[in-house]
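Observations on the three-dimensional arrangement
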Amino acid sequence: MATRLLRLLLCAVLAGLVVAAGLLPVAIVTGGLARAGSDTWENLPVNLATPPPAQTSYVYASDGKTLLTTFYDENRRDIPLDQVAPVMRQAVVAAEDTRFYQHHGVDLKGVARAFVSNSRGGAQQGASTLTMQYVRNVLKNDPGLTPQQHLDALSDTPARKLREMKLSLALEQRLGKNEILQRYLNIAYFGAGAYGIYAAAQTYFGKNPADLTLAEAAMLAGVLQSPDVDNPLRGEREHALQRRAYTLDSMAKMHAVTPAAANAAKTAEVRLTELRPPNDCTAVDAAHNDWGFFCDYFRQWWNSQAEFGTTATERDEALRTGGYTIVTSIDPGIQAAALGQSLGVYGYGNARSLPLAVVQPGSGRVLAMAVNRHYSLEANPPEHPNYPNTVNQLVAGGSGVAGYQAGSTFKMFTMLAALDSGRPLNTHFNAPARLVTIWPGDGSSGCGGRWCPANDTPSWMDGDRTMWNGFGRSVNTYFVWLEEQVGASRAIEMAQRLGIVFRDDHDAALAAKADTWGSFTLGVASTSPLDLANAYAAVAAGGVYCQPLPVLSIKDADGKTLDAGTPKCRQVVDPDVAAAATDAARCPVSKGSAYGKCDGGTAEAVSGILGRPVAGKTGSAEYNATETFVGFTPQIAAAGIAVNPDNPNDYVGGGVSSSVNGAVAHTMAFALRGVPVQNFAVPSRARAMGA
């Protein structure tokens, strides 16, 4: 009976019939509608009972305030009602449903009023309440609907109206008015791509909803009826002002504001900002375009986290719709310093580059990622199609970028493997100018069918060496011999323990046949500055490897802190082994070995730049195709590789080596400003000197 009454009433409205307000006794209809809706709560669509997030995710720098970018399909962020200015709440009610706090989801007086207006040929009125509008918004945005169901949810038919009324009654039996108003404010479309009051306040006025004035609130409420037609940001200022005046008059009639306040707000100047949030990594602030490479790495990382979905596609959708608040690890100051140093070596107009990464030992958090490129999809000049604009991941690798050879920096992994096998730092070998090895070789690198690598500067490198001065002077034949003693497989396995990834298929194939890859210790595998910095960071942290982490914290739309932002660390190298490797790694950059065993290094100027205990290693690819430096203290690790990322045959030359060393060292020095000096752990005498 109740459903038939409701259908009759609704059809009358839609048909514009002349129906007296007293045609259907209010008590009968109210009771009938209530019974019609009372059994529908249990059958409500899931998205209506529990609204889907579909909110913008905000990504900040490490200060938690500097916005890097946002990710969204719809620009929307849900907020509680107490973060919305009272005048905004009142304005919406006044503009859309003045009897919101009197009816129970369906406004019978409004329906009757619509009968009369429609039948007399006046302005067409649909008698939709705020609750009904909320229901309609949820249903039309339900991703579970078929295309036909979406059409039905938007079609102007008695069946649709009937369903909206029944669902509205069911909602109001279970939800309070303020909860419904909050939900409505968070889902309503305000035009200009802004969904919900938070996005609307930001887009139109550049402020939070709690700070809206009466005039601003009335204008936003006014555009709800026709968000595209009455949109002041689209040139429809007069329409918007008319709707604002209507809303203010309605507020005065409701006694929400005084007539004087309403009249004053009608004449208030409209100051629109059109502040649109960026969307995705290519939309980072143009003044900080370099942040795009970090943002790109963050997105790679996010799409690898099982916490956000079972597939990369699901995880990406979660980022765009989940309403996360993400505080990343990028430090704007360190990032600016790293970029300045990178550009000091190669400017934006140079095909060569110095990708540079900075990592925090003990957490794996990535503090900076810089390179002399604009992260952009903009076209490049015809004479150099691959720069200065690119979205290739030149710093972290991945997405088709295998990385670059880092030369002798890989000797660290052989040294760690040797120390781990029980050999002390004081392991002696009379390093020849050229060493005939157990591995096959031919051509210029072969001697009688055996691979026979040579030292770059025999007069400075040949002779009796230990791990200390072998590492300090970067003696090839010493470390190839050491690799023979422990086995190439152990050196490769050590590199993998410390996070070195073989992205190049050829490298991966050689790693699978580890003991045949004798040249591994000379850094012939491709790597990235980020992988390299993080591997050395593990040594700095006493053998604790942490997965590279681009975030400090992640909160979901409900404010819950998620575990994905917690460092994932594990002890992969004995602390005493790490301390011994660190002691030897002080030799390339200083004479700071705890045992006084350094006697010459390839980058001794680094110590003076930092003015504190520091360790590190230089690396040159064959023919100086690339030049690398990685440095670390207990609190910071950084790596940079000079390279032409698009042309491996464009050798950067050994002359750039000191510039690379200095760029990394100066970046580290900036990162350590104000940070207390911390000494390295001293290795045990047994680990250093042997039995």
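If you're wondering where the values come from, they're calculated on a predicted model, not measured in any experiment. (Residues numbered from 1 in each chain as written. Predicted model: local features only at pLDDT ≥ 70, side-chain atom pairs only at ≥ 80, totals over all residues. Heavy atoms only, no water.)

So, the overall build of the protein
Scanning the protein from terminus to terminus reveals 27 helices and 19 strands. Residue burial in the protein is summarised as follows: out of 691 residues, 56% are buried. Approximately 27,400 Å² of the protein is accessible, and the part contributed by carbon and sulfur atoms is 51%. (Helix = DSSP H or I, 4+ residues; strand = E, 2+ residues; numbered from the N terminus. Buried < 20%, exposed > 50% of the residue type's maximum accessible area, 1.4 Å probe, protein only. Areas by Shrake-Rupley, 256 points an atom, 1.4 Å probe, with all protein chains shown as cover.)

With respect to the side chain of Ser474
Along the chain, Ser474 turns up in the loop between α19 (467–472) and α20 (476–486). Within the structure, the side chain of Ser474 is placed 3.1 Å from the side chain of Ser408, a separation counted as a polar contact. If we ignore the near neighbours within four places in the chain, the residues touching Ser474 are Ser408, Lys411, Met461, Asn469, Thr602 and Lys617. (Polar contact = N/O pair within 3.5 Å; in protein donor to acceptor, adjacent residues only side chain to side chain. Contact = heavy atoms within 4.5 Å.)

Things to note about the packing of helix α16 (residues 332–345) against helix α26 (residues 657–671)
Between α16 and α26, the shortest axis-to-axis distance is 9 Å and the interhelical angle comes to 165°. When the axes of α16 and α26 are compared, the pair comes out roughly antiparallel. Both α16 and α26 take part in a crossing whose hand is right-handed. Seen from α16, the contacting residues are Gly333, Ile334, Ala337, Ala338, Gln341 and Val345; seen from α26, they are Ser659, Gly662, Ala663, His666, Thr667, Phe670 and Ala671. Residue composition of the contact of α16 with α26, grouped by class: seven nonpolar, six polar and no charged. (Axes fitted to C-alpha atoms, helices over the stretch in contact; angles between N-to-C directions. Parallel < 35°, antiparallel > 145°, perpendicular 65-115°, else oblique. Left-handed = near helix turned anticlockwise from the far one by under 90°. Nonpolar A, V, L, I, M, F, W, Y, C, P; charged D, E, K, R; others polar.)

Details of the state of the cysteines
All chains considered together, the criterion is met by four disulfides. Covalent S-S linkage joins Cys447 and Cys452, the inter-sulfur distance amounting to 1.9 Å. In this structure the cystine formed by Cys447 and Cys452 twists about its S-S bond by roughly 75°; its chirality is therefore right-handed. Between the sulfur atoms of Cys546 and its disulfide mate Cys569 the distance is 2.1 Å. (Disulfide = S-S within 2.5 Å.)

What about the pattern of salt bridges?
What the rule picks out here adds up to 21 salt bridges. Between Arg320 and Asp73 there is a salt bridge, and its shortest N-O distance comes to 2.6 Å. Pair noted here: Arg320 is in helix α15 (residues 312–321) and Asp73 is in the loop between β2 (67–71) and α4 (86–96), with a separation of 247 residues, a long-range link. Taking the relative accessible area as the measure of exposure, Asp73 reaches 48% and is therefore partly exposed. We note a salt bridge from Arg497 to Glu493, for which the minimum N-O separation is 3.0 Å. Residue Arg497 and its partner Glu493 are both found in helix α21 (residues 488–497); the two are separated by four residues, about one turn of the helix. Taking relative accessible area as the criterion, Arg497 reaches 22% and is therefore assigned partly exposed. The exposure class of Glu493 is partly exposed, given its relative accessible area of 36%. Each of the salt bridges in this network shares a partner with another, and the network as a whole consists of Asp73, Asp280, Arg299, Asp316 and Arg320. (Salt bridge = Lys/Arg side-chain N within 4 Å of Asp/Glu carboxyl O.)

Some details on the environment of Trp460
Looking at the secondary structure, you find Trp460 in helix α18 (residues 458–461). Note: C-alpha distance between Trp460 and Gly600 (140 residues apart in sequence) is 9.1 Å. Residue contacts for Trp460: discarding those within four places in its chain leaves Arg465, Gly472, Arg473, Gly600, Gly601 and Thr602.

Brief notes about the sheet that holds β2
The strand order across the open sheet formed by four strands is β2-β1-β3-β15, and the pairing between neighbours is mixed. Of all strands in the sheet, those with a lone pairing partner are β2 and β15 (551–555), marking the two edges. Across the sheet, the mean angle from the axis of one strand to that of its neighbour is 15°, orientation sign disregarded. (Pairing = 2+ DSSP bridges.)

Some remarks on the nonpolar core
Counting 105 residues, the largest nonpolar core has Met412, Met415 and Ile554 as the members making the most contacts within it. The leading source of residues in this core is helix α23 (residues 529–540), at nine residues. If we skip the residues at most four places from it in the chain, Ile554 touches Trp301, Trp302, Phe308, Tyr324, Thr325, Ile326, Lys560, Thr561, Leu562, Ala564 and Gly565. (Core = buried A, V, L, I, M, F, W, Y, C linked by side-chain atoms within 4.5 Å.)

Thoughts on the sheet that holds strand β5 (residues 366–370)
Strand order in the open sheet formed by five strands is β5-β4-β19-β18-β17, and the pairing between neighbours is antiparallel. The open sheet has two edge strands, β5 and β17 (615–620), and neither has a second partner. For this sheet the average axis-to-axis angle between neighbouring strands, irrespective of direction, equals 5°. For strand β4 (residues 356–359) and strand β19 (residues 637–642), the ladder comprises four bridges, and the chain directions are antiparallel. Among the inter-strand pairings, Leu356 is bridged to a residue of β19, identified as Gly640. Those strands touched by α16 are β4 and β5, and its axis lies near 30° from that of β5.

Concerning the pairing of strand β18 (residues 627–632)
Within β18, six of the six residues are buried, which leaves the element mostly enclosed by the surrounding structure. Of the two faces of β18, the one carrying Glu627, Phe629 and Gly631 and the one carrying Thr628, Val630 and Phe632 are both buried. For β17 and β18, the ladder comprises six bridges, and the chain directions are antiparallel. Within β18, the residue paired with Gly616 across the bridge is Gly631. A loop of six residues connects β17 with β18, the two strands running antiparallel in sequence, and Tyr623 in this loop sits at a positive phi of about 60°. Bridging between β18 and β19 involves six bridges; their strand directions are antiparallel. Note that in β19 the partner of Gly631 across the bridge is Ala638. Hairpin remark: β18 followed by β19, antiparallel, with four residues in the connecting loop.

Spatial relationships are all this shows, so hold off on functional conclusions.
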